[in-house]
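# Architecture at a glance
Residue strings, one per chain:
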Amino acid sequence: MFETTVRDGVCQIRREGARWLSTAWDGGYRTADAVYNVTVPEGFDRTDLAAYRAERLSGAGFAVGPALLTGVHMEHARCARSGPVSVLATAGLSNPAALPMSTAGTADGFGGRASNPADRPDWRPGTVNLVVGVERELDDGALATLLASAVEAKAATLLDAADVPGTTSDAAIVGCVPGAERASFAGSATEIGAATRVCVRDAIRAGLAARYGDDALPTVDGAEYGVVTDRDTEVVEP
């Protein structure tokens, strides 16, 4: 069973011998007994992320392992479980990343504001971070499909809640258990995929409610930071 522990702004998600796939700055496939979601302080400007991770995990009494970073406090983290799937989410929307279906009238981004928030010295990512754990053995391809199922559900949930599919700094880690009951697939039509979709939906919804309470969620027009992807493409037949 995947177990969570929160200490000193760090949430540990532990499952001995688990196999993970991460989209973090140093992501990829790896085996680790635990992964982490770490709250960074306001004004965070460290670029030596591996060293920073080691400092924070050691300071909280945890062993070093794969980690995600977020500006959201761990008191707002929420979990959802269904069948063999467990999901932890933290959700902040200060830096939405909008993808309009029409580029008409969007060339200036957010009403003329700069469309690259990371250029601003006071930028603080809100971030929607997900950690998904599945009590099944998955091969690398199925683990990648699990990641796709989780990200798809995240986008659908945020589109419904805030009219954006994500933020500029979203990240996810998905994990499985070698030696457990084997599952060949993890798409939306499977037991694992379906459970992942609803767990991601409900964990994000609960995380947004914890973070924003009764306040209206940030919108694209009202957000202080964010991007609108408004560039044109050339579409051709293959």
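Look a little higher up for the structure.
Every value quoted in this text rests on a predicted model; they were computed, and no experiment measured them.

Mapped onto the elements, Ala-60 comes out in the loop between α1 (49-59) and β4 (67-70). Overall, the relative accessible area of 3% leaves Ala-60 in the buried class. Filtering out sequence-adjacent residues up to four positions away, Ala-60 remains in contact with Arg-7, Asp-8 and Val-10.

What follows concerns empty space enclosed by the protein. Applying the stated criterion across every chain yields a total of one cavity of 30 Å³ or more. Lining the largest cavity are Phe-2, Glu-3, Thr-4, Ile-13, Cys-79, Arg-81, Ser-86, Val-87, Leu-88, Val-131, Val-132 and Gly-133. Taken together, the elements giving at least two residues each to the lining of the largest cavity come down to β1 (3-7), β5 (78-82), β6 (85-91) and β8 (128-134). In the lining of the largest cavity, the residues fall into seven nonpolar, three polar and two charged.

We now examine the packing of aromatic side chains. One pass over the full model with this rule turns up three aromatic pairs. Pairing Phe-2 with Trp-20 gives two aromatic rings, centres 5.7 Å apart and planes at 75 degrees, and the pair type is edge-to-face. With Phe-2 in the segment before β1 and Trp-20 in strand β2 (residues 10-22), the pair connects residues that are 18 residues apart, well separated along the chain. Owing to a relative accessible area of 0%, Trp-20 belongs among the buried residues under this scheme. Their ring planes at 40 degrees and their centres at 5.4 Å tell us that Tyr-36 and Phe-62 sit as a pair that is tilted. Here Phe-62 lies in the loop between α1 and β4 and Tyr-36 lies in strand β3 (residues 28-39), a separation of 26 residues in the sequence.

End to end, helix α3 (residues 191-212) covers 32 Å across 22 residues, agreeing with the expected 32 Å (1.5 Å per residue, within 8%). Along α3, the residues that are buried comprise Ile-192, Gly-193, Ala-195, Thr-196, Cys-199, Val-200, Ala-203, Ile-204, Gly-207, Leu-208 and Tyr-212. Considering only its buried residues, α3 is in contact with β5, β6, β8 and α2 (140-162). Phi turns positive, to about 60 degrees, at Gly-213, one or two residues after α3.

Summed over all chains, the structure comprises eleven salt bridges. Among the ionic pairs, Glu-191 bridges to Arg-136, the shortest N-O distance being 3.8 Å. With Glu-191 in helix α3 and Arg-136 in the loop between β8 and α2, the pair connects residues that are 55 residues apart, well separated along the chain. For Arg-136, a relative accessible area of 15% translates into the label buried. Across the pair Glu-152 and Arg-197 runs a salt bridge whose closest N-O atoms are separated by 2.4 Å. Highlighted residues: Glu-152 in helix α2 and Arg-197 in helix α3, separated in sequence by 45 residues. Residue Arg-197 is classed as partly exposed on the basis of its relative accessible area, which comes to 32%.

This part takes up α1. At 3.6 residues per turn, the α-helix brings residues three or four places apart onto the same side. Three or more residues of α1 are buried, namely Leu-49, Tyr-52, Arg-53, Arg-56 and Leu-57. With its buried residues spanning 125 degrees around the axis, α1 presents them on a single face. Away from its buried face, by an angle of more than 90 degrees, α1 presents the exposed residues Ser-58 and Gly-59. Those residues of α1 that are buried lie in contact with β2, β3 and β4. Positive phi appears at Gly-61, one or two residues downstream of α1, with a value of about 80 degrees.

For a regular strand, side chains alternate in direction, first toward one face of the sheet and then toward the other. Where β2 and β3 come together, ten bridges link them in antiparallel fashion. Directly across from Arg-19, in β3, lies its bridge partner Thr-31. Linking β2 to β3, which pair antiparallel, is a turn of five residues. For β3 and β4, the ladder comprises four bridges, and the chain directions are parallel. By the bridge assignment, Thr-39 is partnered in β4 with Thr-70.

What counts, and at which threshold
- Residues numbered from 1 in each chain as written.
- Predicted model: local features only at pLDDT ≥ 70, side-chain atom pairs only at ≥ 80, totals over all residues.
- Heavy atoms only, no water.
- Helix = DSSP H or I, 4+ residues; strand = E, 2+ residues; numbered from the N terminus.
- Buried < 20%, exposed > 50% of the residue type's maximum accessible area, 1.4 Å probe, protein only.
- Contact = heavy atoms within 4.5 Å.
- 1 Å grid on protein atoms, 1.4 Å probe; cavity = no way out; pocket = protein on both sides within 12 Å on 5 of 7 lines; lining within 4 Å.
- Points joined across faces, edges and corners; volume = space filled by probe spheres on them.
- Nonpolar A, V, L, I, M, F, W, Y, C, P; charged D, E, K, R; others polar.
- Phe/Tyr/Trp six-rings, centres within 6.5 Å; stacked < 30°, edge-to-face > 60°.
- Expected span 1.5 Å × (residues − 1).
- Salt bridge = Lys/Arg side-chain N within 4 Å of Asp/Glu carboxyl O.
- Arc of directions from axis to C-beta.
- Pairing = 2+ DSSP bridges.

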